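Examination of the molecular architecture
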Amino acid sequence: MENKRIIMGSDHAGYNLKLKVKAHLEARGFEVADVGTHTPESCNYTIYADALCKAIAAGEADLGILVCGTGIGMSMAANKHRGIRAACCENTFSARMTRMHNNANVLCLGERVVGPGLANKLVDAFLNAEFEALIKGKYKAQYDARMQDTIQKRLKSSKETVDKFNALSPTLEMLAKKYGVDATDIESLNKAIQEDES
């Protein structure tokens, strides 16, 4: 693994296990950024899942580890973010395979489910594995096809949005001229129309 920076986060139910895993990672030479929580006081897990996912999306690290009571809540919250592929794992086979076959970038653990020893083994299995499509070419055709399909869908969606805007453009320009505002300033145009209607 080239990037030796990992982002971690937990709620109160995963706080103690997070600290133990963090110490294990630092002993292995990883730089660990902790997005919180920083106390065992009761808190909302989604805040820390969101913070970790935003940090990964911003390029602060390639991989993250989230810890809550079961790992399930964190994985559900994390998977709502575009570009995040979070997996809740309780055995080393799953932790390794979720990286190799699914290109997971966030490992979720449950402090009430796995102890510190197993958690460290799960983390090691996850971090030591690499996505097979990138290293062996296995599944590469399937992965490339999925990525191409995703890109095509996004391009189509973007084109449809542009087409809709272009279809509205003459109307927007006419209204903008009428109300003396910039046609690209939709908020000002909307406000002018509402004021005119009231």
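Refer to the structure presented above.
Residues numbered from 1 in each chain as written. Predicted model: local features only at pLDDT ≥ 70, side-chain atom pairs only at ≥ 80, totals over all residues. Heavy atoms only, no water.

If the charged atoms of two oppositely charged side chains come close together, the side chains can form a pair. Evaluation of the coordinates by the stated rule reveals 4 salt bridges. Arginine 5 is the partner of glutamate 31 in a salt bridge, and the nearest nitrogen-oxygen pair spans 2.9 Å. Taken together, the residues glutamate 31 in strand E2 (residues 31-34) and arginine 5 in strand E1 (residues 5-10) connect sequence positions 26 residues apart. Judged by relative accessible area, arginine 5 falls into the partly exposed class, the value being 22%. Among the charged side chains, a network of salt bridges with common partners joins Lys18, Lys22 and Asp34. (Salt bridge = Lys/Arg side-chain N within 4 Å of Asp/Glu carboxyl O. Helix = DSSP H or I, 4+ residues; strand = E, 2+ residues; numbered from the N terminus. Buried < 20%, exposed > 50% of the residue type's maximum accessible area, 1.4 Å probe, protein only.)

We now examine the nonpolar core. Ranked by internal contacts, the top residues of the largest apolar core, which has 23 residues, are Val21, Leu25, Ile65 and Leu109. If you list the elements that add at least two residues to this core, you get E1, helix H1 (15-27), strand E3 (63-68), strand E5 (106-110) and helix H5 (116-128). For leucine 25, the residues in contact, after removing those within four places along its chain, are Ile6, Met8, Phe30, Val32, Ile65, Val123 and Leu127. If you look at the next biggest cluster of nonpolar residues, it comprises 18 residues, including Ile7, Leu52, Ile56 and Ala78. (Core = buried A, V, L, I, M, F, W, Y, C linked by side-chain atoms within 4.5 Å. Contact = heavy atoms within 4.5 Å.)

This part takes up the side chain of serine 10. Among the secondary structure elements, serine 10 is positioned in strand E1. Apart from the residues lying within four places of it in its own chain, the contact partners of serine 10 are Tyr15, Lys18, Gly36, Thr37, Tyr48, Val67 and Met74.

Okay, the packing of helix H4 (residues 92-100) against H5 next. The geometry of H4 relative to H5 is characterised by a closest axis approach of 7 Å and an angle of 25° between their N-to-C directions. Our classification of the angle between H4 and H5 gives roughly parallel. As H4 packs across H5, the resulting crossing turns out to be right-handed. Packed against H4, whose contacting residues are Thr92, Ala95, Arg96, Thr98 and Arg99, the element H5 presents Lys121, Leu122, Ala125 and Phe126 at the interface. Broken down by class, the residue content of the contact of H4 with H5 amounts to 4 nonpolar, 2 polar and 3 charged. (Axes fitted to C-alpha atoms, helices over the stretch in contact; angles between N-to-C directions. Parallel < 35°, antiparallel > 145°, perpendicular 65-115°, else oblique. Left-handed = near helix turned anticlockwise from the far one by under 90°. Nonpolar A, V, L, I, M, F, W, Y, C, P; charged D, E, K, R; others polar.)

Under the criterion given, the structure shown has 0 aromatic pairs. Taking NZ or CZ as reference, lysine 4 lies 4.1 Å from the ring centre of phenylalanine 30, over its face. (Phe/Tyr/Trp six-rings, centres within 6.5 Å; stacked < 30°, edge-to-face > 60°. Lys NZ or Arg CZ within 6 Å of the ring centre and 35° of its normal.)

Let us look at the packing of H1 against H5. Direction vectors running N to C along H1 and H5 enclose 50°, while the axes themselves pass 10 Å from each other. By the angle class used here, H1 and H5 are oblique. In terms of crossing hand, the pair formed by H1 and H5 is right-handed. Note on element contacts: H5 touches H1 through Pro116, Ala119, Asn120, Val123, Asp124 and Leu127, opposite Leu17, Lys20, Val21, His24 and Leu25. Residue composition of the contact of H1 with H5, grouped by class: 7 nonpolar, 2 polar and 2 charged.

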